[in-house]
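# Fold and contact review
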Amino acid sequence: MKTELIFLGPPACGKGTQTAKLAEYLNLPHVDTGSLLRAEIQNQTEAGIEAKTFIDKGKLVPVELVSKIIKNRLSKEDCKNGYILDGFPRSLEQAEQLVKINEEINKNSDYKFNAIYFHIDENLLLDRIVNRRSCPKCGKIYNLLFNPPKHEGICDVCHVELTQRKDDTKEIAHSRFDTYDRETAPLVDYYRKMGVLKTLNANGNIDEVWERLLKVLND
Ligand code: AMP
């Protein structure tokens, strides 16, 4: 049976780190809309140029644009056994789009669908955001305070210089939190009512959250 997992939680709740790990563990593709959009920006595509104006303000990119990118990605051969969806849906409208996309892609085949909600103390998030760095080559995420690289500013795996996301500043982070509260947080109730929500305590270090994640998925 196809396994479809989506992840909810505020910016910097640890979803990116855990979902990348889980994708490797379950041998499923990690579909991360933030990274897909940043790749479009890097390649200066029409979609990327449009998306950038929203991302730079901490707002959601228009639903049509992001749904098209997601549909293309989920239709690829490597998603035939399922996927780990990180960062989509981010609004009720996007959740409805996902239902349509899944109907079109899966036709009548069986699939198991769960939404995992990262429940976290929100006071921690700003510190995590402004100290986040990532490797431009492999995408590995570090935190200068909680999970620093072995050598300052350098990726442990690729040995290239780490970069900071342009939207990981204090000002844009506040706007991203507002967007999350207004548009994304209502999805927690939406999936709870559908009976597919699993809640995870996302406070703690990477290993602690990972152990809890595996447990929640098996419950
Ligand atoms: P993330 O890497 O998940 O923190 O996403 C970075 C930014 O990309 C967000 O602040 C949004 O501007 C944009 N973005 C990512 N996913 C979506 C989505 N599903 N819908 C609209 N905008 C998105």
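These remarks concern the structure in this document. (Residues numbered from 1 in each chain as written. Predicted model: local features only at pLDDT ≥ 70, side-chain atom pairs only at ≥ 80, totals over all residues. Heavy atoms only, no water.)

A surface patch of negative charge is lined by Glu46, Glu50, Glu64, Glu93 and Glu96. At the level of elements, α3 (46–55) and α5 (92–106) are the ones that each hand at least two residues to the negative patch. Among the secondary structure elements, Glu50 is positioned in helix α3. (Patch = residues over 30% accessible without salt bridge, like charges linked within 9 Å, V, L, I, M, F, W, Y side chains within 5 Å. Areas by Shrake-Rupley, 256 points an atom, 1.4 Å probe, with all protein chains shown as cover. Salt bridge = Lys/Arg side-chain N within 4 Å of Asp/Glu carboxyl O. Lys, Arg positive; Asp, Glu negative; His and termini not counted. Charge placed at Lys NZ, Arg CZ, Asp CG, Glu CD. Helix = DSSP H or I, 4+ residues; strand = E, 2+ residues; numbered from the N terminus.)

Before going further, it helps to examine the sheet that holds strand β2 (residues 30–32). Taken together, the 5 strands give an open sheet; going across it, the order is β2-β3-β1-β4-β7, and neighbouring strands pair in parallel fashion. The strands lining the two open edges of the sheet, one partner per strand, are β2 and β7 (197–201). Strand-to-strand twist in this sheet, taken as the mean axis angle between neighbours without regard to direction, amounts to 25°. Across the face of the sheet, helix α9 (residues 206–218) comes into contact with β1 (2–8), β4 (111–119) and β7 while running at roughly 155° to β7. (Pairing = 2+ DSSP bridges. Axes fitted to C-alpha atoms, helices over the stretch in contact; angles between N-to-C directions. Contact = heavy atoms within 4.5 Å.)

Overall, the coordinates contain 4 aromatic pairs when judged by the stated rule. A centroid spacing of 5.9 Å and a plane angle of 40° characterise the contact between Phe113 and Tyr191, whose relative ring orientation is tilted. In this pair, Phe113 is assigned in strand β4 and Tyr191 in helix α8 (residues 186–194), connecting sequence segments 78 residues apart. Residue class for Tyr191 comes out buried when judged on its relative accessible area of 2%. Relative to Tyr191, the ring of Tyr190 has its centre 4.9 Å away and its plane inclined at 85°; by these criteria the two rings are edge-to-face. Here Lys21 stacks its cationic end above the ring of Trp210, 4.9 Å away from the centre of that ring. Cation over ring: Lys140 sits above Tyr142, and NZ or CZ is 5.3 Å from the ring centre. (Phe/Tyr/Trp six-rings, centres within 6.5 Å; stacked < 30°, edge-to-face > 60°. Buried < 20%, exposed > 50% of the residue type's maximum accessible area, 1.4 Å probe, protein only. Lys NZ or Arg CZ within 6 Å of the ring centre and 35° of its normal.)

Along the chain, Phe118 falls in strand β4. Once the C-alpha coordinates of Phe118 and Ile55 are considered, the two residues, 63 residues apart in sequence, prove to be 22 Å apart. Setting aside its immediate chain neighbours within four residues, Phe118 contacts Phe7, Leu8, Gly9, Pro10, Cys13, Gly14, Lys15, Gln18, Leu200, Ala202 and Val209.

Viewed as axis vectors pointing N to C, helix α7 (residues 170–184) and α8 meet at an angle of 30°, and their least axial separation amounts to 6 Å. Between α7 and α8, the residues in contact are Asp181, Arg182, Glu183 and Thr184 and Pro186, Leu187 and Val188, respectively. When its residues are assigned to classes, the contact of α7 with α8 shows 3 nonpolar, 1 polar and 3 charged. (Nonpolar A, V, L, I, M, F, W, Y, C, P; charged D, E, K, R; others polar.)

Here the focus is the site of the ligand. Of all residues adjacent to the ligand, which total 16 residues, the nearest are Thr33, Lys59, Gly87, Arg90 and Gln94. The side chain of Arg38 places a nitrogen or oxygen atom 3.0 Å from an oxygen atom of the ligand. Between Arg90 and the ligand, the recorded distance is 2.9 Å, taken from a side-chain N or O atom to a nitrogen atom. Here the ligand loses 95% of its free accessible area of 490 Å² to cover by the protein chains. Tallying contributions element by element places helix α2 (residues 33–42) first for the shell around the ligand, with 4 residues. Of the residues in the shell around the ligand, the class split is 6 nonpolar, 4 polar and 6 charged. (Near = heavy atom within 4 Å. Polar contact = N/O pair within 3.5 Å; in protein donor to acceptor, adjacent residues only side chain to side chain.)

Here helix α4 (residues 63–74) spans 16 Å end to end across 12 residues, near enough to the 16 Å set by a 1.5 Å rise per residue. Those residues of α4 not exposed but buried are Val63, Leu65, Val66, Ser67, Ile69, Ile70, Arg73 and Leu74. Looking at the buried residues of α4, the elements they touch are β2, α2, α3, β3 (82–86) and α5. (Expected span 1.5 Å × (residues − 1).)

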